[in-house]
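# Notes for the structure review
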Amino acid sequence: QVTFSNSGDLLSGHYILPDQDKPRGVILFVHGDGPLAYDAHGYYSLIWKRLLHQGFAVFSWDKPGVGESTGNWLAQSMKQRQQEVQAAISFVRGNYGYTRDQVGLLGFSQAGWVVPAVANKNPDVGFVIGIGFAIDWLEQSWYLTHVRLMKQGARSSEIEAAYALHLKEIKLLTQKPSYASYLKDFVDTSDPITQERYPFILKNLSVNASKDYIGLKKPMLLLLGDKDLNVDIANTKKVIENLVNDQQRIQISIIKNATHSMLDAKSFNEQTPGLSFY
């Protein structure tokens, strides 16, 4: 267990070595959304086991305000998350002697707005692995809602009404009203954004990862589940393939019967709640 600092936060990390004396490289785990500890409540363990067996070291850390890390992850913009990952990279390279080509980033879901931006034209990053990445926050929020309504058997008129409400909420949020004003003016009082999460949404609802792929030359593996209920994987694949000129460096794999979290869709396939969570 180690600690490193970023923007006044003291972050608790875990550096895990394979059995062999000299690792092939190190893979930094970049969390998705939520108050995640370094091991994502045990989700990462099986992935680590495979990577360690293949000779890679692993570095992961508690989000700010989680576990033994100070700060507050809900106070972060995606730009600040990118700075945090760069601080982790600098710590790992400075303390463990990895070359640039040996440092990889593995990101989940929301990390799609973090990892490509950090990796692009960054001499400290050698390769990238992405799982369940989306492109545009607002488009993705509607995709979530649309899929949920379709699964519920909603009529066309209900979907149209929901889309109109979605646009109304976005228009309101882009004006950055106070939380009290948001509650007063947002008509869908059945599912409001929580007060704790509200500043986080205002900071990040306009993020779009398209520009982060332009000129990306790092080797990249992107895994997308064909049963993903959260991300429009067809859109992600299309956008990235159109933006990355060197197709030899990117592999996009569609995993059959896999969920957003790469779990078996037969047993585990649920959505996150939507714009207020994603």
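Residues numbered from 1 in each chain as written. Predicted model: local features only at pLDDT ≥ 70, side-chain atom pairs only at ≥ 80, totals over all residues. Heavy atoms only, no water.

## Notes on the overall build of the protein
The condition is simple: Under the DSSP-based scheme used, a helix requires at least four consecutive residues in state H or I and a strand at least two consecutive residues in state E, with every element numbered from the N terminus. All radius of gyration figures rest on C-alpha atoms, and the globule criterion is 2.2 Å times the number of residues raised to 0.38. In this scheme, a residue with accessible area under 20% of its type's maximum is buried, one over 50% is exposed, and one in between is partly exposed, where area comes from a 1.4 Å probe on protein chains only. Between two residues, a contact is recorded if the distance between any of their heavy atoms is within 4.5 Å. With residues, only the protein chains shown are counted as cover, and all accessible areas are computed by Shrake-Rupley using a 1.4 Å probe.
In terms of regular secondary structure, the protein is built from nine helices and eight strands. A globule of 278 residues ought to have a C-alpha radius of gyration of about 19 Å, and the protein, at 19 Å, matches this closely. When the backbone C-alpha atoms are referred to their principal axes, the protein occupies close to 60 × 40 × 35 Å. The buried share among the 278 residues of the protein stands at 53%. The long-range share in the protein, meaning contacts at least 24 apart out of those at least 6 apart in sequence, stands at 73%. Total accessible area on the protein is roughly 13,500 Å²; 51% of this is exposed by carbon and sulfur atoms.

## Regarding helix 9 (residues 233-243)
What counts here: What the arc describes is the spread of directions from the helix axis to the C-beta atoms.
For helix 9, the complete set of buried residues consists of Ile-233, Thr-236, Val-239 and Ile-240. For helix 9, the angular spread of the buried residues around the axis is 135°, confining them to a single face. In helix 9, those exposed residues whose orientation departs by more than 90 degrees from the buried face are Ala-234, Lys-238 and Asn-242. Against the buried residues of helix 9 lie helix 8 (210-213), strand 7 (220-225) and strand 8 (250-255).

## Structural notes on the pairing of strand 1 (residues 2-6)
The line we're drawing: Paired strands, as defined in this entry, are two strands with at least two bridges between them according to DSSP.
The alternating pattern of strand 1 places Val-2, Phe-4 and Asn-6 on a buried face, while none of Thr-3 and Ser-5, on the opposite face, is buried. Inspection of the sheet shows strand 1 paired to strand 2 (residues 9-16) by five bridges, in the antiparallel sense. Looking across to strand 2, one finds that Asn-6 is bridged to Asp-9. In textbook terms, the turn of a hairpin is the stretch between consecutive antiparallel strands, and for strand 1 and strand 2 this stretch comprises two residues, one of which, Ser-7, has a positive phi near 50°.

## Side note on the side chain of Asp-9
What counts is decided by this rule: Neither His nor the chain ends is counted toward charge; the positive residues are Lys and Arg and the negative residues Asp and Glu. Within this document, salt bridges are pairs made up of a side-chain nitrogen of Lys or Arg and a carboxyl oxygen of Asp or Glu, the two lying within 4 Å of each other.
Here Asp-9 lies in strand 2. The buried charged residue Asp-9 lacks any salt bridge partner; its closest oppositely charged side chain belongs to Lys-203, at an N-O distance of 10 Å. Not counting residues within four places of it along the chain, the set of residues in contact with Asp-9 comprises Phe-4, Pro-64, Thr-70 and Gly-71.

## Concerning the sheet that holds strand 4 (residues 56-61)
Strand pairing in a sheet takes place through backbone hydrogen bonds and is either antiparallel or parallel in direction. So the rule is basically this: Axis lines are fitted to C-alpha atoms, over the contacting stretch for helices. Their N-to-C directions set the angle, which ranges from 0 to 180 degrees.
An order of 1-2-4-3-5-6-7-8 is seen for the eight strands of this open sheet, with the pairing classed as mixed. Only two strands of the sheet have a single partner each, and these edge strands are strand 1 and strand 8. Shown here is a sheet whose adjacent strand axes are inclined to one another by a mean of 20°, direction ignored. The pairing of strand 3 (residues 25-30) with strand 5 (residues 103-108) spans five bridges and is classified as parallel. Within the sheet, the bridge partner assigned to Phe-29 lies in strand 5 and is Leu-106. Contacts from helix 2 (residues 78-96) reach strand 1, strand 2, strand 3, strand 4 and strand 5, with the element oriented near 135° to strand 1. Together, strand 7 and strand 8 form the strand contacts of helix 9, whose direction differs from that of strand 8 by roughly 170°.

## Structural notes on the pattern of salt bridges
One pass over the full model with this rule turns up seven salt bridges. Two residues, Asp-33 and Arg-197, come together in a salt bridge whose shortest N-O distance is 2.4 Å. With Asp-33 in the loop between strand 3 and helix 1 (45-53) and Arg-197 in the loop between helix 6 (179-185) and helix 7 (198-204), the pair connects residues that are 164 residues apart, well separated along the chain. With relative accessibility at 14%, the residue Asp-33 sits in the buried group.

## Examining the pairing of strand 2
The element strand 2 is largely enclosed, with a buried count of six among its eight residues. When strand 2 meets strand 4, the two strands line up antiparallel, connected through four bridges. Pairing of Tyr-15 across the sheet is with Phe-59, part of strand 4.

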